[in-house]
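The chain contents come next:
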Amino acid sequence: MAMNYSVKDEVDGGPPCAPGGTAKTRRPDNTAFKQQRLPAWQPILTAGTVLPTFFIIGLIFIPIGIGIFVTSNNIREIEIDYTGTEPSSPCNKCLSPAVTPCICTINFTLEESFEGNVFMYYGLSNFYQNHRRYVKSRDDSQLNGDSNALLNPSKECEPYRRNEDKPIAPCGAIANSMFNDTLELFLVGNDTYLTPIPLKKKGIAWWTDKNVKFRNPPGGENLEERFKGTTKPVNWLKPVYMLDSDLDNNGFINEDFIVWMRTAALPTFRKLYRLIERNSDLHPTLPAGRYYLNITYNYPVHSFDGRKRMILSTISWMGGKNPFLGIAYIAVGSISFLLGVVLLVINHKYRNSSNTADITI
Amino acid sequence: RKEKKYIDQCWKDVTVGDFIRLSCNEVIPADMVLLFSTDPDGICHIETSGLDGESNLKQRQVVRGYAEQDSEVDPEKFSSRIECESPNNDLNRFRGFLEHSNKERVGLSKENLLLRGCTIRNTEAVVGIVVYAGHETKAMLNNSGPRYKRSKLERRANTDVLWCVLLLIIMCLTGALGHGIWLSRYENIHFFNIPEPDGRTISPVLAGFYMFWTMIILLQVLIPISLYVSIEIVKLGQIYFIQSDVDFYSEKMDSTVQCRALNITEDLGQIQYLFSDKTGTLTENKMVFRRCSVAGFDYCHEENAKRLESYQEAVSEDEDFIDTLNGSLSSTAKPRSHSCRTVHNGPLGRNHLAGSSSAPGSGEGASEVPHSRQAAFSSPIETDVVPDTRLLNKFSKIMPQLFTPLDETIQNPRLEILYIIDFFIALAICNTVVVSAPNQPRQKIRLSSLSGIPIKSLEEIRNLFQRLSVRRSSSPSLASGKEPSAGVPNAFVRTLSLFSRVKLASPVEKEISQMSESPLGSSNSTCHADIEKQSGDAGFANGKVESRPGQPLVSNLCYEAESPDEAALVYAARAYQCTLQSRTPEQIMVDFAALGPLTFQLLHILPFDSVRKRMSVVVRHPLSNQVVVYTKGADSVIMELLSVASPEGASLEKQQVIIREKTQKHLDDYAKRGLRTLCIAKKVMSDTEYAEWLRNHFLAETSIDNREELLLESAMRLENKLTLLGATGIEDRLQEGVPESIEALHKAGIKIWMLTGDKQETAVNIAYACKLLEPDDKLFILNTQSKDACDILMNTILKELKKKNQASPEQTLLNGGSLQPPVPQDTGLRAGLIITGKTLEFALQESLQRQFLELTSWCQAVVCCRATPLQKSEVVKLVRSHLRVMTLAIGDGANDVSMIQVADIGIGVSGQEGMQAVMASDFAISQFKHLSKLLLVHGHWCYTRLSNMILYFFYKNVAYVNLLFWYQFFCGFSGTSMTDYWVLIFFNLLFTSAPPIIYGVLEKDVSADTLMQLPELYRSGQKSEAYLPLTFWITLLDAFYQSLVCFFVPYFTYQGSDIDIFAFGNPLNTAALFIILLHLVIESKSLTWIHMLVIVGSILSYFFFALAFGAMCVTCNPPSNPYRIMQEHMLDPVFYLVCILTTCIALLPRFIFRVLQGSLFPSLILRAKHFDRLTPEERTEALKKWRGSGKMNQVTSKYADRSAVKSGRKPMSGPSAVFAMKSVSSCAVQQGNLSVCETALDLCYSKSKVSKIA
């Protein structure tokens, strides 16, 4: 009897035939994201829809191109090759290593006067400053004035790390191969009177490079003392602390050195050498006329068929003279304009069919 | 064995021969033979969900001979020897024997084996001896590890990755050579050939060699390692979206699609062949008892049909109806039931007597079950069976007759009654259904053994019962055993059977029960009055309703069957108040309303197997005490086993023949309606015959060698000379949306094969019903008995088809010898092929494979009937490997597992037949109709997305890395990178990684609606249009072009200037970033705010990184120190001009190409894209137009084809040809076992007819 009742209680109490079902259903949420119904921009690329794009590109690019082209054409630029490989060249004599120091003079004529600030570059050709092992052969810590690195340069500098058991400062192949020609410019006056053109040494490197990235090692007043215990790179004529007389442009913060240390991207390159600042609004910086370029020829390039150039250039907002960008803009603009016209024709022909689905295949 | 008691041990320490004692809910640690169970019947219940996922309980039996022991097996006394087969992985087979010390052998089967990984349920404790342990257990042997499927797209991508490797090597070789040559010019210049630390310089050759490896390090990004990571992430995203698609949610099962394989989503978009199981996949596998034929009379069960039609709407009303009836009836019924309960101390509250007496319809009470949440097993559709009024009338009319003295003259109705009774008894007991009470889940209804059973009195009762029944059985018929008085014998028999069943032996209770006889009798009569009244006015309501009041306990029976049709039959029997009450290994209890509870002594079960296609139970009939064999099986098998000559005289024999013919007619009719047919037959055996058979059977059981065959023979000896009782037609209803899905998949160019174990007629009917075959399709039936015949027939059909299809161009292709899948034929002729299992066997043989495949390639649909699971997988394998197509297999049962595993994509339908298919599948869905969206929408999307993303990745890497490569030409091939290393690393890792992933997850070329409406769009995926080898090379070419532009525009701009290396790299990187991101925008077909966010985020992160790095990194990261470079550039207008120009030039060609493609030769998908922009009205209009134009195309092409090729022959008039072919098919269908010659002849005949018509 009792058993019966207990069974009955159990029956009433327990849910019928339910193996513990959960009330929560597994129905997925009906949200736009989960059901992939997010509002979407569905571009259909047909002639009709993209027509404006092409015309707009054309209309924008062509003026830009013309602008760049004109700007580029207004830039005055002159290149003087003074490698001296040609026998007629005054610098030909300097090719033999016997003559040291070798000074040669090249004269050239500016047809037009250079207005505004003029940049003086030296250009090297076929010089692979971007060679992988060359590029890495430097120690940024040393150049940043780290005294540990000064006396114990990075392994990357090998084999220009130590010379005669002394650490090289600055170490590495880049520093070792620093450009060391000296260029001087003279304006030839009326009576073969030579007027030296003032060349500004400072301001040719990036400000951040000179003030942050490159620092002389700490220590005493004297630069020589600071570089004590180091030796000059093998190829250098004088140690790093004698690069310039100006204390602010000597040692690692010598701007010629800093410029050199920024390795060029391509085998033919130029590097800023000096600034010729405009002195007054009335006179051109470099008036038209004959000039002498006085070269102290130290840097050997003929062994690898390299060329050396001196470049004088004015600059614009877009840098140096470069016709490519302007032409490219004009070309692309024209092409896109042309394509626009072609598409217009296509659109006209297929207009009816492109919007409805019933075109036959 | 040395230990006196059981000790706890780790699983790993279990060895063969150990005795293990397990308690309830413990997991079995090794395969062991069951020696003892606390269950008095020697049963142990296990849940095998760990093995096959099925959560219903399965019974295991104690080894014969041990079951009778009361006490626990004492390991120390165990002296028998167990011999069993060597370990194998067949879960459903175990052979062995146990040899006692006295050389007596007892056979062991899988019924005695507890498998590792299962859980003991409902049994207090069991003891077993380990036969297989550790890795030898069947569970471990079955664990072959997951099959790693690689998608077609990924395989394609892998070859292209190899191309990238080749490209890389070529580029590195170029670099090495170049460096060698360059260096040889400047060998002695220390500027360029910087000496080693020790001052040596290396030779150009060596330097070149070193350079090769340097270049590999530099350019290795070309090989898209990140691609694989991204692919995985994208697939996860895709799967997330598939799984959260609300359209896949099935309310009924509370389940949605399950992606079990994470790496083959895109294969869903490339399926060409679909192999489908029929039962449970196309159909619901909710077996609904629809019709039956008893003794030659067909009972239509129209109400049942009507109910099924209107089931959905009716559900709620039904409930109300029931409730109201509940109230009205409970007042009368309840007290009675209480009184009964006091009389019988029925354990577990399943009070039998009360059930049958107080509430007349108690046997059924089916409507109770739907309330349970076990939807899988007892959904109302199956469990509710509305009895056929005619049959019910017969029932109710006949019942009283059983109690009246039999009039020998009216033989006909009596025989019919007998047939009906036997028929329903057979339905109720000839099965392996487990009875459980829903309110106590997992609790088998079993009469708990009362502790103090005096065996003696029980014996007495048995004797008494036997005496009585013997006396009764002396009279020829069953019913004649009844004594004239209506009430008393009924109750008497009931009481007796109750006693024998319940083992209620205490004399007191016996007396009580006997005392209760008279009130019972009276109540019984009222019940009958009830039932007649009810069946008269509301015949259909009584089955469901009356049972409920007062007797919820009895009606709460749940039947758990291995196959749903068994359950359907039991429920059907219950509807006729022939309720299966309980089942133990020894006896089955059936509550037959009019006869009361009957207890059948279960002598033997011959379980169902696919070879015999039938099952039998041998019972001792409680009333006649005869040994009766009830057999249930496929009609073709049963019909052959029927007795030819009945011993009971000519008239009976004649009647049998008539019944047989009639039944056969009904069967054919059922089959035509797509019902599953089963025949029910019985056979009465004498005790001696049975004993004889049993002896032989034991021999068979205990043998180890070819035991299967011996058992089969033994079964054959038993199952013969049967008397046909009737047949049942069970409907397996088509799932919702199946025909639409199949139609859409057809349109999508997917060839659908139906592989089923069902018989030909049923299969063909279902095929028609689900639109797999169209009414005007030609049917070819391959049903031959020999290989040669099969060969000839296939040739004939092929010729036939070729003649008609000469126009189609792919024929030449096929004849040319390459077994390519022909282009799906859109042209007029459609053909279907039906092939039977036997013929399939021939067709699958090496020599006929080609021919078979060629034949099938002509047909729209192929139906393989009577196919075994192995054949199914072989067919899939054949098609997959020989035609090199993407295959998908979908199925729901264990018999589809092999097919699912073999196919490129296996889809499991989580249905009724357990979880095996789902466990083996890659995707599990709950209904077939979800397949169309899964393939057409998600498959298409996944494929397009992923292939575009992969292509984009190749492009991205090549485009970017080539920048470095081009630079090598200007740095003496020295391996310099003009980019800071960190930017180089982050460029792929951060700045350009997220957009393609978002693209791969969210890209939507066409909206889901359009894809569903235009299944044709799926074909682009089948042809791998998005990612062809050509596409790859074009992409690569574009990448080369873009990188060239991206390098040389800045190069010419900065040529000869004073720019330094890393300042030169900066505009390159920036331009490359813009190019790569905008390329993606051009390729994207839809851009959401997420796309925008990610793209803008990428650009910002690049600039932020470059600026931050440039600001803070003074001396770090030598030599590529980016200090202040970005800052300088940001102030330089040329930088912007260069970047803009570069981007424009680089993207111009692709942009132009896309534009021209969009306006001049749009692909189907591009055209369909326009649909997404239309308003709903315009959309339907456009759809119509689309269809129209499609048809026009088809028609014109058809005509063009015909006119082009068929010069002499006129196009045949379609309908007549079809008619001819149809006649052939119908012949074949009706004759069933058609011999070859006939078919061939028919074909010839039809051909001649056709040609005449033409």
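Quick caveat: nothing in here was measured; it's all calculated off a predicted structure.

## Quick word on the overall build of chain A
Part 1 of the argument: Scanning chain A from N- to C-terminus turns up ten helices and ten strands.
Part 2 of the argument: In terms of overall dimensions, chain A has a C-alpha envelope of 135 × 70 × 40 Å along the principal axes.
Part 3 of the argument: Counting contacts in chain A only where the partners sit at least 6 residues apart, residues at least 24 apart contribute 77% of the total.
Part 4 of the argument: Taken together, the 38 basic and 34 acidic charged side chains of chain A have centroids lying 5 Å from each other.

## Side note on the packing of aromatic side chains
Part 1 of the argument: One pass over the structure, following the stated rule, counts 66 aromatic pairs over all chains.
Part 2 of the argument: Taken together, the aromatic side chains of A:Y122, A:F127, A:Y134, A:F179, A:W260, A:F269, A:Y273, A:Y299 and A:F304 make up a single cluster linked through ring pairs.
Part 3 of the argument: Over the face of the ring belonging to A:W206 we find A:R262, whose NZ or CZ atom lies 3.8 Å from the ring centre.
Part 4 of the argument: Geometry around B:Y1027 places B:R156 over its ring, the cationic atom sitting 5.6 Å from the centre.

## Some thoughts on the UniProt feature "domain: P-type ATPase C-terminal" (unreviewed entry) in chain B
Part 1 of the argument: Within this numbering scheme, the UniProt entry marks residues 918–1163 of chain B as carrying the feature "domain: P-type ATPase C-terminal" (unreviewed entry).
Part 2 of the argument: Helix makes up 72% of residues 918–1163 of chain B and strand makes up 1%, while its end C-alpha atoms are separated by 37 Å.

## Some points on the pattern of salt bridges
Part 1 of the argument: Tallying each qualifying case throughout the model produces 37 salt bridges over all chains.
Part 2 of the argument: Note that A:D209 is salt-bridged to A:R262, the shortest N-O span being 3.0 Å. One end of the pair, A:D209, is in helix α7 (residues 207–213); the other, A:R262, is in the loop between α9 (255–261) and β8 (269–276), and 53 residues separate them in sequence. Grouping residues by exposure puts A:D209 and A:R262 together as buried.
Part 3 of the argument: Residues participating in the shared-partner salt-bridge network are B:R150, B:E154, B:K235 and B:E266.

## Structural notes on the confidence of the model for chain A
Residues and elements named next belong to chain A.
Part 1 of the argument: Of all residues in chain A, 90% attain a pLDDT of 70 or more, and the chain-wide mean is 84.
Part 2 of the argument: Helix α1 (residues 2–13) is the least confidently modelled element of chain A, averaging 36 in pLDDT, while strand β3 (residues 118–125) averages 93, the highest of any element.
Part 3 of the argument: Counting contacts from residues 1–23, a segment whose pLDDT is below 50, to residues more than four positions away or on other chains yields 30 contacts.
Part 4 of the argument: In this model, residues 353–361 is a region of pLDDT below 50 whose contacts with residues beyond four sequence positions or in other chains number 13 contacts.

## Some points on the environment of B:Y999
All names here are of chain B.
Part 1 of the argument: Here Y999 shows up in helix α33 (residues 994–1002).
Part 2 of the argument: For the pair formed by Y999 and V1094, sequence separation is 95 residues and the distance between their alpha carbons is 9.9 Å.
Part 3 of the argument: The residues contacting Y999, other than those within four sequence positions of it, are R945, N948, M949, L1080, E1083, S1084 and H1091.

## A few points about the sheet that holds strand β5 (residues 81–84) of chain B
Residues and elements named next belong to chain B.
Part 1 of the argument: Overall, antiparallel pairing links the three strands, which are arranged β5-β6-β7 in an open sheet. Single-partner strands in this sheet number two, and they are β5 and β7 (105–108). Each strand axis lies, on average, 20° off the axis of its neighbour in the sheet, ignoring direction.
Part 2 of the argument: The sheet contact formed by strand β6 (residues 96–99) and β7 spans four bridges and is antiparallel. Residue pairing for β7: L98 is matched across the bridge by V106.

## Remarks on α33(B)
Part 1 of the argument: Counting buried residues along α33(B), eight of its nine residues qualify, which places the element largely inside the surrounding structure.
Part 2 of the argument: Looking at the buried residues of α33(B), the elements they touch are α4 (225–243), α31 (930–968), α32 (981–991), α37 (1061–1083) and α38 (1089–1112) of chain B.

## A word on the state of the cysteines
Part 1 of the argument: Enumeration over the complete set of coordinates arrives at three disulfides over all chains.
Part 2 of the argument: For A:C157, the disulfide goes to A:C171, at an S-S distance of 1.9 Å. Of this pair, A:C157 sits in the loop between α5 (147–151) and β4 (162–163) while A:C171 is found in the loop between β5 (166–167) and α6 (173–176), placing the two residues 14 residues apart along the sequence. With respect to class, A:C157 is no different from A:C171; both count as buried.
Part 3 of the argument: Numbered by position along the chain, the disulfide-linked cysteines of chain A connect as 1-4, 2-3, 5-6.
Part 4 of the argument: Left unpaired, B:C790 is separated from the closest cysteine sulfur, that of B:C864, by 12 Å.
Part 5 of the argument: B:C1144 forms no disulfide, and the closest cysteine sulfur to it belongs to B:C1139, at a distance of 11 Å.

## So, the confidence of the model for chain B
Residue and element names in this part refer to chain B.
Part 1 of the argument: Within chain B, residue pLDDT values average 71, and 68% of them lie at 70 or more.
Part 2 of the argument: Helix α7 (residues 352–358) is the least confidently modelled element of chain B, averaging 34 in pLDDT, while helix α36 (residues 1029–1054) averages 94, the highest of any element.
Part 3 of the argument: Ignoring residues within four places in sequence, the model shows residues 311–379, a span with pLDDT below 50, making 163 contacts including any to other chains.
Part 4 of the argument: Here residues 438–461 is modelled with pLDDT under 50, and outside its nearest four sequence neighbours on either side it reaches 67 contacts, counting other chains as well.
Part 5 of the argument: Taken together, the chains of this predicted complex give a pTM of 0.73 and an interface ipTM of 0.91.

## A few points about the interface of chain B and chain A
How big an interface is tends to be stated in terms of the accessible area lost upon association of its parts.
Part 1 of the argument: Opposite the 117 residues of chain B that make contact, chain A presents 98 residues.
Part 2 of the argument: Buried area between chain B and chain A, both sides added, is near 9600 Å², and the carbon and sulfur share of it is 65%.
Part 3 of the argument: Counting across the chain B and chain A interface gives one salt bridge.
Part 4 of the argument: Here A:R262 and B:D1060 are joined by a salt bridge, their closest N and O atoms 3.1 Å apart.
Part 5 of the argument: At the junction of chain B with chain A, the criterion picks out 19 residue pairs in polar contact (both at pLDDT 80 or more).
Part 6 of the argument: For the side of chain B that touches chain A, the leading source of residues is helix α40 (residues 1133–1159) of chain B, giving 16 residues.

## Comments concerning the sheet that holds strand β26 (residues 831–836) of chain B
Residue and element names in this part refer to chain B.
Part 1 of the argument: Overall, mixed pairing links the nine strands, which are arranged β11-β30-β29-β28-β12-β24-β27-β26-β25 in an open sheet. Only two strands of the sheet have a single neighbouring strand rather than two, namely β11 (258–259) and β25 (778–782).
Part 2 of the argument: For β26 and strand β27 (residues 861–865), the ladder comprises five bridges, and the chain directions are parallel. Bridged to L833 within β27 is V862.
Part 3 of the argument: Sheet contacts for helix α23 (residues 760–769): β24 (751–755), β25, β26 and β27; angle to β27, the most-contacted strand, approximately 150°.

## Here's the deal with α31(B)
All names here are of chain B.
Part 1 of the argument: Under the 1.5 Å per step criterion, the end-to-end length of α31 is 55 Å for 39 residues, consistent within 8% with the ideal 57 Å.
Part 2 of the argument: Where α31 bends most, at H938, the angle is about 35°.
Part 3 of the argument: Taking burial as the measure, the 39 residues of α31 include 39 buried ones, the bulk of the element.

## Side note on the packing of α32(B) against α38(B)
Residues and elements named next belong to chain B.
Part 1 of the argument: Between α32 and α38, the shortest axis-to-axis distance is 11 Å and the interhelical angle comes to 155°. Classed by the angle they form, the pair α32 and α38 counts as roughly antiparallel. As α32 runs across α38, the sense of the crossing is right-handed. Counted together, W982, V983, F986 and F991 of α32 and S1098, S1101, Y1102, F1105 and F1109 of α38 form the full contact between these two elements.

Definitions and cut-offs
Residues numbered from 1 in each chain as written. Chains lettered and ligands numbered in written order. Predicted model: local features only at pLDDT ≥ 70, side-chain atom pairs only at ≥ 80, totals over all residues. Heavy atoms only, no water. Helix = DSSP H or I, 4+ residues; strand = E, 2+ residues; numbered from the N terminus. Contact = heavy atoms within 4.5 Å. Lys, Arg positive; Asp, Glu negative; His and termini not counted. Charge placed at Lys NZ, Arg CZ, Asp CG, Glu CD. Phe/Tyr/Trp six-rings, centres within 6.5 Å; stacked < 30°, edge-to-face > 60°. Lys NZ or Arg CZ within 6 Å of the ring centre and 35° of its normal. UniProt positions renumbered as here; feature names shortened; annotations may be inferred. Salt bridge = Lys/Arg side-chain N within 4 Å of Asp/Glu carboxyl O. Buried < 20%, exposed > 50% of the residue type's maximum accessible area, 1.4 Å probe, protein only. pLDDT = per-residue confidence, 0-100. Pairing = 2+ DSSP bridges. Axes fitted to C-alpha atoms, helices over the stretch in contact; angles between N-to-C directions. Disulfide = S-S within 2.5 Å. Buried area = accessible area lost by both parts, 1.4 Å probe. Polar contact = N/O pair within 3.5 Å; in protein donor to acceptor, adjacent residues only side chain to side chain. Expected span 1.5 Å × (residues − 1). Bend = angle between axes of the 7 residues up to and from the residue. Parallel < 35°, antiparallel > 145°, perpendicular 65-115°, else oblique. Left-handed = near helix turned anticlockwise from the far one by under 90°.

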